[in-house]
Amino acid sequence: MRHILAILLENEPGALSRIVGLFSQRAFNIESLTVAPTNDNSLSRITIATVGDDKVLEQIVKQVNKLVDVIKISELTDRKHVERELLLVKVAAINNKSRAEVKRIADIFRGSIIDIGKQVYTIELTGSGDKLNAFIDALNNETEIIESARSGCVGMARGEKALKV
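All of these numbers come straight from a predicted model, not from anything done at the bench.

Some remarks on the overall build of the protein
No. 1: Along its length, the protein carries four helices and nine strands.
No. 2: Reading the protein from its N end, one meets helices and strands in the order β-α-β-β-α-β-β-α-β-β-α-β-β.
No. 3: Considering only C-alpha atoms, the protein reaches an extent of 60 × 35 × 30 Å along its principal axes.
No. 4: The buried share of the protein, taken over its 165 residues, is 38%.
No. 5: A separation threshold of at least 6 residues defines the contact pool for the protein, and within that pool the share at least 24 residues apart is 73%.
No. 6: If you sum the accessible surface of the protein, you get close to 9,800 Å²; carbon and sulfur atoms cover 49% of it.
No. 7: Of note, the protein has its 23 positive side-chain charges centred 3 Å away from the centre of its 22 negative side-chain charges.

Right, here's the structure in full:
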């Protein structure tokens, strides 16, 4: 089963490595990992997407909760939530036909062309992992993908529930 964990922790050196270490000790793979400071620079928010056994994940959550740097942990997949990923993709846009087709596909998926070179377009797209995968498949059918970078998922619980101190 896929799990998304949101962790609020003190923004201190080594805090992230201790959390990731718990996953590796249990041979639990991290599918994606995003980390950034919150509006309070002394705190960071980590979003971890993983796939695996519920019982093992329950043990990891309990051990993460015991870490000194961790303030709060929440599993987003247990409730209604919103999740998004960011994709940057550089594609070949060699002639007018390929440029038009890349622009059409970007428009259909509500992506933005954020950089234009002589023979290259860079496109930005946000959405669910499935949407980003479908976009990549559509591009692969029409042009050459030169390079891509994905952020991994970030998410929040819907409604009044918040991960805060």
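So, next bit.
Observations concerning the pattern of salt bridges
No. 1: Following the criterion strictly, the structure yields eight salt bridges and no others.
No. 2: For K62, the salt bridge is made with E58, and the minimal N-O distance between the two is 3.3 Å. Pair noted here: K62 and E58 are both in helix α2 (residues 54–66), with a separation of four residues, about one helical turn.
No. 3: Assessed through its relative accessible area of 43%, K62 is described here as partly exposed.
No. 4: Its relative accessible area of 43% is what places E58 among the partly exposed residues.
No. 5: In this structure, the salt-bridge partner of E85 is R150, at a minimum N-O distance of 3.0 Å. Of this pair, E85 sits in strand β5 (residues 81–92) while R150 sits in strand β8 (residues 145–150), and the two are 65 residues apart along the sequence.
No. 6: Overlapping salt bridges, with partners in common, bring together R2, E31 and E83 in one network.

Overview of the packing of aromatic side chains
No. 1: In this structure the tally under the stated criterion is two aromatic pairs.
No. 2: Between F109 and F135 the ring centres are 5.3 Å apart and the planes differ by 70°, which places this aromatic pair in the edge-to-face class. Here F109, found in the loop between α3 (96–108) and β6 (112–116), pairs with F135, found in helix α4 (residues 129–142); they are 26 residues apart in sequence, far enough to count as distant. This pair shows no difference in class: F109 is buried, exactly as F135 is.

Here we look at α2
No. 1: With 13 residues, α2 extends 19 Å between its outermost C-alpha atoms, agreeing within 8% with the 18 Å of an ideal straight helix rising 1.5 Å per residue.
No. 2: Every buried residue of α2 is accounted for by L57, I60 and V64. End-on, the buried residues of α2 take up no more than an arc of 60°, which puts them together on one face. Those residues of α2 that are exposed and aimed more than 90 degrees away from the buried face are K55 and K66.
No. 3: In the core, the buried residues of α2 are packed alongside β1 (2–10), α1 (15–25), β3 (43–51) and β4 (70–75).
No. 4: Taking the backbone nitrogen of K55 as reference, a side-chain oxygen 3.2 Å away marks D53 as the first, capping residue of α2.

Comments concerning the sheet that holds strand β2 (residues 30–37)
No. 1: Pairing within the open sheet is antiparallel, and its four strands lie in the order β2-β3-β1-β4. Bordering the open sheet on either side are β2 and β4, each of which pairs with just one other strand. Going across the sheet, the axis of each strand differs from the next one's by a mean of 15°, ignoring polarity.
No. 2: Relative to β4, β1 is paired through five bridges, and the arrangement is antiparallel. Each residue of the ladder has a partner; that of I7, found in β4, is I73.
No. 3: Lying over the sheet, α2 contacts β1, β3 and β4, oriented at roughly 160° with respect to β4.

Calculation rules
Residues numbered from 1 in each chain as written. Predicted model: local features only at pLDDT ≥ 70, side-chain atom pairs only at ≥ 80, totals over all residues. Heavy atoms only, no water. Helix = DSSP H or I, 4+ residues; strand = E, 2+ residues; numbered from the N terminus. Buried < 20%, exposed > 50% of the residue type's maximum accessible area, 1.4 Å probe, protein only. Contact = heavy atoms within 4.5 Å. Areas by Shrake-Rupley, 256 points an atom, 1.4 Å probe, with all protein chains shown as cover. Lys, Arg positive; Asp, Glu negative; His and termini not counted. Charge placed at Lys NZ, Arg CZ, Asp CG, Glu CD. Salt bridge = Lys/Arg side-chain N within 4 Å of Asp/Glu carboxyl O. Phe/Tyr/Trp six-rings, centres within 6.5 Å; stacked < 30°, edge-to-face > 60°. Expected span 1.5 Å × (residues − 1). Arc of directions from axis to C-beta. Polar contact = N/O pair within 3.5 Å; in protein donor to acceptor, adjacent residues only side chain to side chain. Pairing = 2+ DSSP bridges. Axes fitted to C-alpha atoms, helices over the stretch in contact; angles between N-to-C directions.

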